[in-house]
Amino acid sequence: MPRVAAVEPVGTPGEESGPAGVADLIPLVRRIVAARVPDPATADDLVQETLARVLAAAERVEPGMLEPYAIVTARNVVASMWREQDRQRRHQHRVVDLRPPEAPDEDVLAAEDRAAVAEALTRLSDRERETLLAHEVSGQDTRSLAAELGSTAGAVAAQLNRTRARLRVEYLLVSERVEPPTERCRPVLLALSSGDRRRQREVDAARHLLECDVCARLSAPLLGRGRRARDDELRVPVRTDADIVAARQAARELATKLRFSPTDITLIATAVSEVTRNIVRFADSGEVVVAALEEPRCGISIVARDAGPGIPDVERALQDGYSTYQGLGLGLPGARRLMDEFAVVSETGRGTTVTMTKWRGDA
Amino acid sequence: MTAVPRLFSILRQGPYLIASVHTALDDSQLVRFQEDLVHRIGADRARGVVIDVAALDVLDSFGSRTLRDVAEMARLRGAVTVIVGIQPDVAFAMVELGMDTGSVLTALDLEEGLVELDRCVAAPPVVPT
């Protein structure tokens, strides 16, 4: 590096291409930047940045060339700001920590929560509690439960649903530390919790909510359940092969609603199929969230999330033909080709999140 | 077997089998389809197979690979396989995905598929001697 040689020609003092010359350039630079950046505060920053760079280089630039140098520098500064903004936008999702930060009161809240759940559990009947715990905690499936109880899998599942609905109600009552003020409260809350429309009509739930303040307050979280799913966001829990089909059908449904072209819909469904299969293959369980995007234009976003082992080498997993099971190794790279934006965040031992976006081609 | 509606059917038509997929299959159903079909090729002494996939909404890497494997297994069992009914959008997605399906015979629809089978079975590829 000829750094030593560069030291010498610096010494050309007395020439006024220094600070004064630079000051004359301010209006020019201001004009160039303002034409490209509408926000005055940002524009001001960029003008300063440009002048600082020009000033630093003033001694190296030939006399008379300072003006063109300033023009190019101003353009470069603006362009690199845009690039930076774009990069930030693209990488924004990486900054998001998948785990919410641990608040100082989290332990206390968690303990209270546990106590409330435990209390609520004691309010269930023995049989309800045992069945629920066998299914949810021990992971016993409905079929074998049905065999033990001398019932059918469907009946056990329905029973479990009713138990869960009751548990939600009891949990709310415990955690809010209220006793239902009237005889009718509990049946109404139960009907709301189970989402059983017919039962809600029978107990005249809507009227009771108007009359009873306690129930009106308690019912908010119960009613909130499932409402989100109806909106422009579909959430598909993923465990088995069949969920791959469910996930891609959810994506297809939403993409159809967003008026994607049939070809794009199939591309999206195929990509969803690939990333969802990865969850089933590698992580046992996870979820796929399909959401509509309005900004900056109409599109669909798919987030496939799992808490599995993670991908040790994401770069390699994104290469064609890299496969750790008997596949074609087309899963991730293939899905990337099908979508407009594609990002994988993975941490060994903590899980993988694949985020993909497809924008609607404006026809 | 429980009384679930059939997700695919395998019918005999002369020396050929016509396998139709009726709905979107998940992976394990696809594998069962593969096994049933390979078994039936032996049981029915079929010389050719037409697989109609018009009802598949998506042929992703697993689906494509399974079909390719079926064709290869069928070939090893002495039958020619023709895939028919790949939807235009599905074809588009397969190419974008980067599937290599060049070795599999295809035809536009069932009728074309049977014609193709007739041609292949009547004049088997010349083996260099």
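We now turn to the structure provided with this report. Here the structure is a predicted model, which means the values were calculated and not measured.

## Some words on the overall build of chain A
Regarding its fold elements, chain A presents 18 helices and five strands. Put simply, of all contacts in chain A between residues at least 6 apart along the chain, 61% involve residues at least 24 apart. Only carbon and sulfur atoms are counted for the fraction: they give 52% of the accessible area of chain A, which is about 21,700 Å².

## A closer look at the environment of B:L108
Residues and elements named next belong to chain B. Structurally, L108 is set in the loop between β5 (105-107) and α4 (110-122). Given a relative accessible area of 67%, L108 falls into the exposed group. Along the primary structure L108 and G85 are separated by 23 residues, whereas in three dimensions their C-alpha atoms are 5.6 Å apart. Setting aside chain neighbours within four positions, we find L108 in contact with V84 and G85.

## Points about the packing of helix α8 (residues 142-149) of chain A against helix α9 (residues 153-175) of chain A
Residues and elements named next belong to chain A. Contact pair α8 / α9: the axes reach a minimum separation of 8 Å and the direction vectors enclose 100°. The orientation of α8 relative to α9 falls into the category roughly perpendicular. Residues T142, R143, L145, A146 and L149 of α8 pack against A153, V156, A157 and L160 of α9. Here the contact of α8 with α9 is built from residues that sort into seven nonpolar, one polar and one charged.

## Points about the pattern of salt bridges
Under the definition given, this model contains 29 salt bridges over all chains. For A:E202, the salt bridge identified is with A:R199, shortest N-O distance 3.0 Å. Of this pair, A:E202 and A:R199 both sit in helix α11 (residues 197-202), separated by three residues, roughly a single helical turn. Given the relative accessible area of 35%, A:R199 is considered partly exposed. Residues B:D44 and B:R40 are paired through a salt bridge, measuring 3.0 Å at the closest nitrogen-oxygen approach. According to the relative accessible area criterion, B:D44 is buried, its value standing at 12%.

## Notes on the interface of chain B and chain A
Listed by partner, the interface residues are 21 residues for chain B and 25 residues for chain A. Buried area between chain B and chain A, both sides added, is near 2,000 Å², and the carbon and sulfur share of it is 54%. Inspection of the region where chain B meets chain A yields six salt bridges. Here A:R277 ties to B:D27 by a salt bridge, and the two come within 2.6 Å at their closest N and O atoms. Taken together, the elements giving at least two residues each to the side of chain B that touches chain A come down to α1 (27-43), α2 (61-76) and α3 (88-97) of chain B.

## A few points about the nonpolar core
A:I268, A:F342, A:M356, B:L37 and B:I51 are the most contacted members of the largest nonpolar core, which totals 67 residues. The element best represented in this core is helix α16 (residues 262-283) of chain A, accounting for nine residues. Setting aside chain neighbours within four positions, we find B:I51 in contact with B:A19, B:F33, B:L37, B:L67, B:V70, B:T81, B:V82, B:I83 and B:V84. Ranked by size, the runner-up nonpolar core spans 21 residues in total, among them A:V33, A:V37, A:V47 and A:L66.

## Regarding the packing of aromatic side chains
Both the distance between ring centres and the angle between the ring planes are used here to describe each pair of aromatic rings. Residues and elements named next belong to chain B. All chains considered together, the criterion is met by one aromatic pair over all chains. For the pair F8 and F33, a centre-to-centre distance of 5.0 Å together with 70° between the ring planes defines the contact as edge-to-face. Taken together, the residues F8 in strand β1 (residues 8-13) and F33 in helix α1 connect sequence positions 25 residues apart. Since its relative accessible area comes to 1%, F33 is described here as buried.

## Observations regarding the sheet that holds strand β4 (residues 80-84) of chain B
Think of a sheet as strands paired side by side through backbone hydrogen bonds, with each pair either parallel or antiparallel. All names here are of chain B. A sheet is described by the order of its strands in space; here five strands give the open sequence β1-β2-β3-β4-β5, paired in mixed fashion. Taken across any chain shown, the strands that pair with only one partner, and hence form the sheet edges, are β1 and β5. Strand-to-strand, the axes of this sheet are offset by a mean angle of 25°, without reference to chain direction. Where β4 lies against β5, three bridges are found, and the strand directions are parallel. Within the sheet, the bridge partner assigned to V82 lies in β5 and is L105. Its contacts with the sheet place α1 against β1, β2 (16-21) and β3 (48-52), and it is angled at close to 15° to β1. Along the sheet face, α4 touches β2, β3, β4 and β5 and points at about 160° away from the line of β4.

## Topic: the sheet that holds strand β1 (residues 233-238) of chain A
Residues and elements named next belong to chain A. Taken in spatial order, the five strands line up as β1-β2-β3-β5-β4 in an open sheet, and their pairing is antiparallel. Only two strands of the sheet have a single neighbouring strand rather than two, namely β1 and β4 (341-347). Across the sheet, the mean angle separating the axes of adjacent strands is 10° when strand polarity is ignored. Pairing analysis gives eight bridges linking strand β2 (residues 286-293) to strand β3 (residues 299-306), with the strands arranged antiparallel. Within β3, the residue paired with A292 across the bridge is I300. Contacts from helix α15 (residues 241-257) reach β1, β2 and β3 within the one sheet, and its direction differs from that of β1 by about 175°.

Cut-offs applied
Residues numbered from 1 in each chain as written. Chains lettered and ligands numbered in written order. Predicted model: local features only at pLDDT ≥ 70, side-chain atom pairs only at ≥ 80, totals over all residues. Heavy atoms only, no water. Helix = DSSP H or I, 4+ residues; strand = E, 2+ residues; numbered from the N terminus. Contact = heavy atoms within 4.5 Å. Areas by Shrake-Rupley, 256 points an atom, 1.4 Å probe, with all protein chains shown as cover. Buried < 20%, exposed > 50% of the residue type's maximum accessible area, 1.4 Å probe, protein only. Axes fitted to C-alpha atoms, helices over the stretch in contact; angles between N-to-C directions. Parallel < 35°, antiparallel > 145°, perpendicular 65-115°, else oblique. Nonpolar A, V, L, I, M, F, W, Y, C, P; charged D, E, K, R; others polar. Salt bridge = Lys/Arg side-chain N within 4 Å of Asp/Glu carboxyl O. Buried area = accessible area lost by both parts, 1.4 Å probe. Core = buried A, V, L, I, M, F, W, Y, C linked by side-chain atoms within 4.5 Å. Phe/Tyr/Trp six-rings, centres within 6.5 Å; stacked < 30°, edge-to-face > 60°. Pairing = 2+ DSSP bridges.

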